[in-house]
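Descriptive analysis of the structure
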Amino acid sequence: MNFLTDLEAHLRSSFANYPAENVLTVEACPAGQGGDFTLNCFRIGKFCGNPMAAAAQAVEFLNRHADVESAVAVKAFVNITLKPGALHQASSADIAALLKRAELPASERRRVLIEFSAPNTNKPQHLGHVRNNTLGMALASLLKRVGHDVIQINLVNDRGIHICKSMLCYQKAGNGRNPENTGIKGDHLVGDFYVEYNKMLSDAVKELKSARPELADKDSDELFLETAIGQETQKMLQDWEAGVPEVRELWQMMNNWVFAGFAETYKRMGINFDHTYLESETYLLGKDIIASGLEKGVFTYREDGAVICDLGKMGKKVVLRSDGTSVYITQDIGTTKKKYDDYQPESMVWVVGDEQNLHFQMLFEIMKRLGFQWAKDLYHLSYGMVNLPNGRMKSREGTVVDADDLFDEMSLLARNACAERAGESVDDAELDRRGEVIGLGALKFMLLKFNPKTTITFDPAASLRFEGDTGPYVQYVAARIASIGRKAQEKGISLAGTAVDWSLLGTEAERDIAVKLYFYPSVLQTAAAKRDCSGLVEYLLDLAKAFNRFYRDCPVLSADSEALITARLSLAEAVRQVIADGLQTLTIGVPEAM
């Protein structure tokens, strides 16, 4: 803004110790104080004698400036009201430049690796994965939006005793079932085998307890290897690790079913990974690093022969069992090093639920102690649980909400809402398309609305309301503005090559929009720096509400003059472009009509 640059130059010439670089920033003026922007002079007081003196100097200069309508000091704060033309020139008049301003300088851009999703191949993805996927993909998109180089990584747990459970059930009761001859999505089918296995195991445990009453107080995990089916499962895991061909072939076949199913889920959400690591390929990593750490004194042997790391208040962490086998953190240590070697990121982020907080604190501390300089830039994006008001919508295992079922439900609810509004004027294919864009957009918006650490209750119906703090509310504003643009074209009104007199837009509602638009780049950069998309969600809601106040108070196509119509239409289009940019940054679709 010219007035800010000019004030900076004035202060620099007036005070010998004023810094050579620009230091002034403004904030939106608090409601009810009558200005557009507020200048906090505490930040420059030490250069100008004191904050009050700085404010007095600023007021004196600004009230002579051509762009300023008024400047008033409130203690060490200066509330500034710009002339309408100058205000809009700083924001609304050049949206392309405004959007470009969100990009960080090259010196501040980083190469960031984000790992998220991390499903198991023994069941389909559930509501917890939906929050994980939404947080991961939106953060990746946000970081890219401000200029960072982002690598999106998935690490799939495709090995272990839980995988063997589905495999053994297929051997015993599969009867040749597959995704093609059942019409069941591959990850769902394997999940069904996992459910069937657990029923078999439950029945076996009941039989065992009936035959041996002294085991009545033992749970299924404790009795797992006492049952024949448990022993068979353990033997299958041993055969897998030994590379027995028929076991590996069954494992590969069922994994392929699951990966095909996951691909459909990811496509529906709009997720693309740059690389997918498989635990079957990484589970042996880390042992060499543990050996090196023993030589350096990072790790020590416990009395029973286990290798541990004494992490002080965090506790003593076992990194190798006494029999020399790995624990989970062993693999994580090795995989973290491999990811760094593969991609050379300047920062690594893990999107994982808050039940793993201590695990990641320990992992990061161990990596630092091992001497990896880059370990100071490891970050766990921890998030809370997400529940439904009634506990579940539809469950395959009785405990979780299936992701695909949730998507279907959201899409159908949104489609029905669109059908009620559109009547018979929109065909079924278009209603289906709108339902998908609005339904999944509503889901993502609500999951991103809160700080990730918050445990939230997700109400599908409430998230789809076209009024209130919802995704459809923001999408509807974008669609409404697009509709205004179409009506303008029908009337022969075009913005292409038309000069806009921004000085005409001086109402409170018009000024409010201009101020909000001005701060969009800083909202993006702040959200990226905090690794938290909720600030962008809040901004889009505020901008949508500001537009609706403007639309209510300021007629657009029926304004008093052609010049005012053009100006208001241009302001509306500026809002649409920023909302579209914000929604797309959150990986949410922008419908042309609702």
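Residues numbered from 1 in each chain as written. Predicted model: local features only at pLDDT ≥ 70, side-chain atom pairs only at ≥ 80, totals over all residues. Heavy atoms only, no water.

1. Digging into the side chain of D36
- Tracing the sequence through the fold places D36 in the loop between β1 (26-28) and β2 (37-40).
- Only 2.6 Å separates the side chain of D36 from the side chain of R511, close enough to count as a polar contact.
- In this structure D36 touches E27, A28, C29, I80, T81, L82, L87, R511 and V515, once residues within four positions along its chain are discounted. (Helix = DSSP H or I, 4+ residues; strand = E, 2+ residues; numbered from the N terminus. Polar contact = N/O pair within 3.5 Å; in protein donor to acceptor, adjacent residues only side chain to side chain. Contact = heavy atoms within 4.5 Å.)

2. Brief notes about the packing of aromatic side chains
- This model, assessed by the stated rule, comprises 21 aromatic pairs.
- Centre to centre, the rings of Y170 and W257 are 5.7 Å apart; their planes meet at 75°, and the pair counts as edge-to-face. Here W257 lies in helix α11 (residues 245-269) and Y170 lies in helix α6 (residues 161-173), a separation of 87 residues in the sequence.
- We classify Y170 as buried; its relative accessible area is 16%.
- The buried category is assigned to W257, whose relative accessible area is 10%.
- Taken together, a centroid distance of 5.3 Å and an interplanar angle of 45° make the contact between W350 and F364 tilted. In this pair, W350 is assigned in strand β11 (residues 347-353) and F364 in helix α15 (residues 357-369), connecting sequence segments 14 residues apart. Taken as a pair, W350 and F364 share a single burial class, namely buried.
- In textbook terms, an aromatic cluster arises when at least three aromatic residues are bridged by ring pairs, as seen for F116, F262, Y266 and F273.
- Over the face of the ring belonging to W240 we find R248, whose NZ or CZ atom lies 3.9 Å from the ring centre. (Phe/Tyr/Trp six-rings, centres within 6.5 Å; stacked < 30°, edge-to-face > 60°. Buried < 20%, exposed > 50% of the residue type's maximum accessible area, 1.4 Å probe, protein only. Lys NZ or Arg CZ within 6 Å of the ring centre and 35° of its normal.)

3. Some points on a nonpolar patch on the surface
- Taken together, the side chains of F42, V72, V74 and F77 define a hydrophobic patch exposed on the protein surface, amounting to about 340 Å² of accessible area.
- Within the secondary structure layout, V74 lies in strand β3 (residues 68-74).
- Residue classification places V74 among the partly exposed residues on the basis of a relative accessible area of 38%. (Patch = residues over 30% accessible without salt bridge, like charges linked within 9 Å, V, L, I, M, F, W, Y side chains within 5 Å. Areas by Shrake-Rupley, 256 points an atom, 1.4 Å probe, with all protein chains shown as cover. Salt bridge = Lys/Arg side-chain N within 4 Å of Asp/Glu carboxyl O.)

4. Points about the state of the cysteines
- Scanning the entire structure with this criterion turns up 0 disulfides.
- With no disulfide of its own, C41 lies 7.7 Å from the sulfur of C48, the closest cysteine sulfur.
- Taking the relative accessible area as the measure of exposure, C41 reaches 0% and is therefore buried.
- The cysteine C554 is free of any disulfide, with C29 supplying the nearest cysteine sulfur at 19 Å. (Disulfide = S-S within 2.5 Å.)

5. Considering the sheet that holds strand β5 (residues 111-115)
- Taken together, 5 strands build an open sheet; the order of strands is β7-β6-β5-β11-β12 and the sheet is parallel. Each of the sheet's edge strands pairs with one partner strand only, and the pair in question is β7 (275-278) and β12 (378-383). Between one strand axis and the next, the sheet turns by 25° as a mean value, whatever way the strands run.
- Pairing analysis gives 5 bridges linking β5 to strand β6 (residues 149-156), with the strands arranged parallel. If you follow L113 over to β6, its bridge partner there is I151. (Pairing = 2+ DSSP bridges. Axes fitted to C-alpha atoms, helices over the stretch in contact; angles between N-to-C directions.)

6. So, unusual backbone geometry
- The phi dihedral of K75 is positive, around 60°, even though this residue is not glycine.
- Relative to the elements of secondary structure, K75 occurs in the loop between β3 and β4 (77-82).
- The phi torsion at Q344 lies on the positive side, around 50°, for a residue other than glycine.
- Among the secondary structure elements, Q344 is positioned in the loop between α14 (328-343) and β11.

7. Focus: the nonpolar core
- Counting 126 residues, the largest nonpolar core has I114, V474, L517, F547 and V578 as the members making the most contacts within it.
- When residues of this core are assigned to their parent elements, the largest contribution, 11 residues, is made by helix α23 (residues 562-585).
- Core analysis: the second largest hydrophobic core is formed by 33 residues, L155, V298, V307 and F360 among them. (Core = buried A, V, L, I, M, F, W, Y, C linked by side-chain atoms within 4.5 Å.)

8. A look at the sheet that holds strand β8 (residues 300-301)
- With respect to topology, 3 strands assemble into an open sheet ordered β8-β9-β10, the strand pairing being antiparallel. The strands lining the two open edges of the sheet, one partner per strand, are β8 and β10 (316-320).
- The sheet contact formed by β8 and strand β9 (residues 307-310) spans 2 bridges and is antiparallel. Residue pairing across strands places Y301 opposite V307, the latter belonging to β9.
- Across the sheet, helix α13 (residues 287-296) lies against β8, β9 and β10, angled at about 125° from β10, the strand it touches most.

9. Focus: helix α1 (residues 2-14)
- Along its 13 residues, α1 runs 18 Å from first to last C-alpha, staying within 8% of the 18 Å computed at 1.5 Å per residue.
- Among all positions in α1, only F3, L4, L7, E8, H10 and L11 are buried. Taken down its axis, α1 places every buried residue within 165° of arc, on the same side. Away from its buried face, by an angle of more than 90 degrees, α1 presents the exposed residues N2 and S13.
- Contacts made by the buried residues of α1 are with β1, β2, α2 (51-62), β3 and β4. (Expected span 1.5 Å × (residues − 1). Arc of directions from axis to C-beta.)

10. What to know about the confidence of the model for the protein
- Residues of the protein with pLDDT of at least 70 account for 98%, and the chain-wide mean is 94.
- Throughout residues 392-398 the model reports pLDDT below 50, and contacts reaching past four residues in sequence, or to other chains, amount to 23 contacts. (pLDDT = per-residue confidence, 0-100.)

11. A few points about the pattern of salt bridges
- In this structure the tally under the stated criterion is 35 salt bridges.
- Residue R43 is joined to E27 by a salt bridge in which the shortest nitrogen-to-oxygen separation is 2.8 Å. Residue R43 is located in the loop between β2 and α2, and its partner E27 is located in strand β1; the two are separated by 16 residues in the primary sequence.
- A salt bridge links E232 to K172, with the nearest nitrogen and oxygen atoms 3.1 Å apart. Of this pair, E232 sits in helix α10 (residues 228-242) while K172 sits in helix α6, placing them 60 residues apart in sequence.
- Using a relative accessible area of 33% as the deciding quantity, one classes E232 as partly exposed.
- Judged by relative accessible area, K172 falls into the partly exposed class, the value being 42%.

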